[in-house]
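Structural description and commentary
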Amino acid sequence: MTTATASAGVGFRSERGPVLIGVMLATALVAIDSTIIATAVPSIVDDVGGFAQFPWLFSIYLLAQAVTVPVYGKLADVFGRKPVMMFGIGLFLLGSVLCGFAWSMGALIAFRAVQGIGAGAVQPMAMTIVGDLYSLSERAKVQGYLAGVWAISSVVGPTLGGVFSEYVSWRWIFFVNVPLCVLAAGMLGRRFSETVTRSRPQIDYLGAGVLTAGLTLLVLGLLEGGQAWAWTAPQSIGVLGAGVLLLAVFVLVERRAADPVVPLALLGDRLIVTTSLISACVGAVLLGLTSYVPTYVQEVLGTGPLVAGFALAALTIGWPISASQAGRLYLRIGFRATALLGSVVVVAAASLLLLLDETSSVLQVGATCFAIGLGMGITAAPTLIAAQTVVGWQQRGVVTGTNMFFRSMGSALGVAAFGAVVNATVGAASLEGAGVDAGLLTGAVHHVFLAIAVVSVLLLAAVLMMPRHDRPEPATA
């Protein structure tokens, strides 16, 4: 299988420019959707009710996205990137329209699951198409374009959510996806072409089903443990235990499968394993900062939501700046050395989080987040590209999907771990809905920042375990 590669040149005016624009529009779907709904929650609850269930608007989306990514990666290696991407965009469009017409919180949660299943195809396919179309020396610059989409979305998403909720209707936070979906699908449908060797694939339906069921239970247990039920409750033990058991069965199934969903040999590759661990740590750090920096800035420093949003946006501003320059570094000093430099910056900047208290300024918070973003940009992008370089076209979708899945798992673990830290610090006050003492809240957020610093050290350790020597990229044919 090969992908048709266009002429050299990176940018919108090159021959591959329209495809890049299409990939960026598809990425914007996921990026904006991950931030736009947060500011609209009060309006949604006022309209359709279901205050106790609204956290599921986020959990079900993350769950559906995470568990489908590995399967989409395999399907892309069998049928090609384009049909999987178009299917994902179409499903995301359907879910968005249904969400816009939702009549109850239960219906909205169900339709958010449809959106999440679509998003599970869009994000990894965007990264895989970039890996197919662009050479090793070009990929980091393109990663900078995609990181820029996330940076812009981190500002545009919450702003649009607030504007729609206050002046129009919360339903438009979903309807706004319709033109984006149409533009992305139209651009990719017309301008992206690939040559796929057609054969009669042996689809591993059993492996895909067992993997999806096992991951669903595992991620569900991580998201709801300590929240909907206690970690030691029978529900938690049963859900997590069943998830682990199904994943063990999945390993047995894959050993006998003619064409496994996830080739187990890949999981024995040191570079793929270490880059997946790095991706998990990145997901945990991002989730921790995204969840608790706004809370700290608003509740401890006494600012408004808009200021808190801009403080967090500094993280996603620093990321694309460094990601766009990462290519020059890894071409000169290698993937491991580049990621090592980035992870050292992350550790140093995460340590500065421990200096934040009730007397800190918003500028100090923003500068710290910006520094963490700089480190992430030269850690996350090069390690993903490094993982893509060890396989050819036939397995690049699986490898990219695996890396994205581990980032989602890191986010889920972060939700569980950081939430447990906060609950343990503030005690019953938060659980009963009583006002939380400012001192307790400051201590809780400080403990979360300490946990983020610990995860950043684990990130550094994972980078140190990467192979010291880069391997040449396999041929695409």
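Our structure's up above, just so we're on the same page.
Nothing here was measured: the structure is a model prediction, and the numbers come from that model. (Residues numbered from 1 in each chain as written. Predicted model: local features only at pLDDT ≥ 70, side-chain atom pairs only at ≥ 80, totals over all residues. Heavy atoms only, no water.)

**A look at the overall build of the protein chain**
Of regular secondary structure, the protein chain possesses 18 helices and zero strands. Out of the 477 residues belonging to the protein chain, those deemed buried represent 56%. Long-range contacts, defined here as pairs at least 24 residues apart, represent 83% of the contacts in the protein chain between residues at least 6 apart. About 19200 Å² of surface is accessible on the protein chain, with carbon and sulfur atoms providing 68% of the total. (Helix = DSSP H or I, 4+ residues; strand = E, 2+ residues; numbered from the N terminus. Buried < 20%, exposed > 50% of the residue type's maximum accessible area, 1.4 Å probe, protein only. Contact = heavy atoms within 4.5 Å. Areas by Shrake-Rupley, 256 points an atom, 1.4 Å probe, with all protein chains shown as cover.)

**Quick notes on the pattern of salt bridges**
Applying the stated criterion across every chain, the model contains four salt bridges. Asp 132 is the salt-bridge partner of Arg 81, the closest N and O atoms lying 2.6 Å from each other. With Arg 81 in helix 4 (residues 81–100) and Asp 132 in helix 5 (residues 105–133), the pair connects residues that are 51 residues apart, well separated along the chain. Asp 132 shares its class with Arg 81; the two are buried. Arg 396 serves as the salt-bridge partner of Asp 132, at 2.6 Å between the closest nitrogen and oxygen. Within this pair, whereas Asp 132 is found in helix 5, its partner Arg 396 is found in helix 16 (residues 393–426), the two being separated by 264 residues in sequence. Among the charged side chains, a salt-bridge network with shared partners connects Arg 81, Asp 132 and Arg 396. (Salt bridge = Lys/Arg side-chain N within 4 Å of Asp/Glu carboxyl O.)

**Notes on a nonpolar patch on the surface**
Taken together, the side chains of Val 163, Tyr 167, Val 168 and Trp 172 make up a nonpolar region of the molecular surface, amounting to roughly 430 Å² of accessible area. Relative to the helices and strands, Trp 172 resides in helix 7 (residues 172–175). The class of Trp 172 is partly exposed, set by a relative accessible area of 43%. (Patch = residues over 30% accessible without salt bridge, like charges linked within 9 Å, V, L, I, M, F, W, Y side chains within 5 Å.)

**Digging into the packing of helix 4 against helix 8 (residues 177–191)**
Taken N-terminus to C-terminus, the directions of helix 4 and helix 8 make an angle of 165 degrees; their axes are 9 Å apart at the nearest point. Relative to helix 8, the element helix 4 is oriented roughly antiparallel. The hand of the helix 4/helix 8 crossing is left-handed. For the pair formed by helix 4 and helix 8, the contact residues are Lys 82, Met 85, Met 86, Ile 89, Phe 92, Leu 93, Ser 96 and Val 97 on the first element and Asn 177, Val 178, Cys 181, Ala 184, Ala 185, Leu 188 and Gly 189 on the second. (Axes fitted to C-alpha atoms, helices over the stretch in contact; angles between N-to-C directions. Parallel < 35°, antiparallel > 145°, perpendicular 65-115°, else oblique. Left-handed = near helix turned anticlockwise from the far one by under 90°.)

In short, geometric facts, not functional conclusions.
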